[in-house]
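# Structural overview for review
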Amino acid sequence: MNDLNVSIVTHSTPVEELVKAVGCVLRSSRVNRIDILDNSGTAIIEEYKKNLSGYEDKVRIKEIDNRGYGAGHNISIEDSIESNVCYHLVMNSDVWWKGDILSILCAEMDRRPEVGQLMPKVYYPDGALQLTARRLPTPYDVFAKRFLPSFITKNRINKYLLAEANHDIEINSPYLLGSFMLLRTDALKETGIFDERFFMYPEDIDLTRRLHRKYKTIYYPEVSIIHEHRAASRRNLRMLWIHSSNMIRYFNKWGWWIDPERRRMNKELDSAIRIISKDKLPLSRG
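### Focus on the overall build of the chain
On a plain count of helices and strands, the chain comes out with 10 helices and 13 strands. Whereas a compact globule of 286 residues would reach a radius of gyration of roughly 19 Å, the chain reaches 18 Å, a difference of no more than 12%. Dimensions along the principal axes, computed over C-alpha positions, put the chain at roughly 50 × 45 × 40 Å. The proportion of buried residues among the 286 residues of the chain is 57%. Expressed as a percentage of contacts within the chain between residues at least 6 apart in sequence, the contacts between residues at least 24 apart total 82%. When the accessible area of the chain is evaluated, it comes to approximately 13100 Å², of which 52% is carbon and sulfur surface.

### Some details on the nonpolar core
Formed by 63 residues in total, the largest nonpolar core has its most connected members in Met91, Trp97 and Phe180. When sequence neighbours within four positions are dropped, the list of residues in contact with phenylalanine 180 reads Leu89, Val90, Met91, Trp97, Ile101, Leu102, Leu105, Leu118, Met119, Pro120 and Ile225. By size, the runner-up hydrophobic cluster in this structure holds 13 residues, among which are Ala187, Ile193, Phe194 and Leu211.

### Quick notes on unusual backbone geometry
The backbone of asparagine 84 shows a phi angle near 60°, a positive value even though the residue is not glycine. Residue position: asparagine 84 is located in the loop between α3 (69–82) and β4 (87–91). Although it is not a glycine, tyrosine 201 adopts a positive phi angle of roughly 90°. Here tyrosine 201 is to be found in the loop between α7 (185–191) and α8 (203–212).

### Some remarks on the pattern of salt bridges
It is possible for side chains bearing opposite charge to pair when their charged atoms get close. If you walk through the whole model with that rule in mind, you get 28 salt bridges. Note that arginine 30 and aspartate 110 form a salt bridge whose closest N and O atoms lie 3.0 Å from each other. With a gap of 80 residues between them, arginine 30 in the loop between α1 (15–25) and β2 (31–38) and aspartate 110 in helix α4 (residues 101–111) connect regions that are remote in the sequence. You can call arginine 30 buried: its relative accessible area is 9%. Judged by its relative accessible area of 40%, aspartate 110 falls in the partly exposed class. Linking arginine 264 and glutamate 268 is a salt bridge whose minimum nitrogen-to-oxygen distance equals 3.3 Å. Highlighted residues: arginine 264 and glutamate 268, both in helix α10 (residues 260–272), separated by four residues, approximately one helical turn. One network of salt bridges, in which partners are shared, links Glu108, Arg111, Arg112, Glu114 and Glu170.

### Some thoughts on the environment of aspartate 204
Looking at the secondary structure, you find aspartate 204 in helix α8. Classification of aspartate 204 as buried rests on a relative accessible area of 6%. In this structure, the C-alpha to C-alpha distance between aspartate 204 and glycine 70, residues 134 residues apart in sequence, is 8.4 Å. Contacts of aspartate 204, omitting those with residues within four sequence positions, involve Tyr175, Leu176, Leu177, Gly178, Met181 and Phe194. A distance of 2.8 Å separates the side chain of aspartate 204 from the backbone nitrogen of glycine 178, its partner in a polar contact.

### Thoughts on the packing of α8 against helix α9 (residues 237–254)
Remark: α8 packs on α9, axes separated minimally by 10 Å, with the N-to-C direction vectors making an angle of 30°. Overall, the two elements α8 and α9 adopt an arrangement that is roughly parallel. For the pair formed by α8 and α9, the contact residues are Ile205, Asp206, Arg209 and Arg210 on the first element and Met247, Tyr250, Lys253 and Trp254 on the second. Taken together, the residues of the contact of α8 with α9 sort by class into four nonpolar, no polar and four charged.

Scoring rules and cut-offs
- Residues numbered from 1 in each chain as written.
- Predicted model: local features only at pLDDT ≥ 70, side-chain atom pairs only at ≥ 80, totals over all residues.
- Heavy atoms only, no water.
- Helix = DSSP H or I, 4+ residues; strand = E, 2+ residues; numbered from the N terminus.
- Rg over C-alpha atoms; globule rule 2.2 N^0.38 Å.
- Buried < 20%, exposed > 50% of the residue type's maximum accessible area, 1.4 Å probe, protein only.
- Contact = heavy atoms within 4.5 Å.
- Areas by Shrake-Rupley, 256 points an atom, 1.4 Å probe, with all protein chains shown as cover.
- Core = buried A, V, L, I, M, F, W, Y, C linked by side-chain atoms within 4.5 Å.
- Salt bridge = Lys/Arg side-chain N within 4 Å of Asp/Glu carboxyl O.
- Polar contact = N/O pair within 3.5 Å; in protein donor to acceptor, adjacent residues only side chain to side chain.
- Axes fitted to C-alpha atoms, helices over the stretch in contact; angles between N-to-C directions.
- Parallel < 35°, antiparallel > 145°, perpendicular 65-115°, else oblique.
- Nonpolar A, V, L, I, M, F, W, Y, C, P; charged D, E, K, R; others polar.

Right under this line is the structure:
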């Protein structure tokens, strides 16, 4: 059954990294097509084609204008919707995994039509758990995490990141990070695709919370992936500006301090998660 399309947006991505990610995807018989959408405007596309020769029946490489992360993925998502493909995976090029996790995840989606989005457990390469299921952020959560010292913000940020939640069980979270988003296309027909007003960063928050209105959006720890997670905005002033300006757009859309839906969704999440004792917490970070 070939009912899964995958999109990877690249921007001067190392060829070796992309080939590794594509190799992981191609282990699954559920995969119909992989779209590589490059917006760097360089000759690197020829390198991609050379290193992925032999996979032309599954891999489509396309040069696109750089209108943002979500806008790039939307090109492929719209095609999945029009083609009535059941599932669409939005993924970063810097993720990889062992075995065939995509067939497991798609089978779980087959079994549970109430689930609109699924994300596996995610680890950093050093073995630390990546905290990818989160509460919907307030302005304080976003900007304090970025600009204030940790001794001031630690408790609040831990709550936002669900750092003390049991990550060995499912979490129905209104915010799942965008490095790996397995999406039900029928759900996207109802809720819409990525909001292209966001160039980068909050597009995953925005889409997950819209899906969460009508579907479960599940952190699913039965399988796991590795994510390099470069966090470019922590080291690059231009990326920091892009991150900050797009978060301002997000709060302009949904509300800064007054956001009743955020309050309701976070309250439901808080009542559902299971907190574990600090001595049993795994090494983790957001």
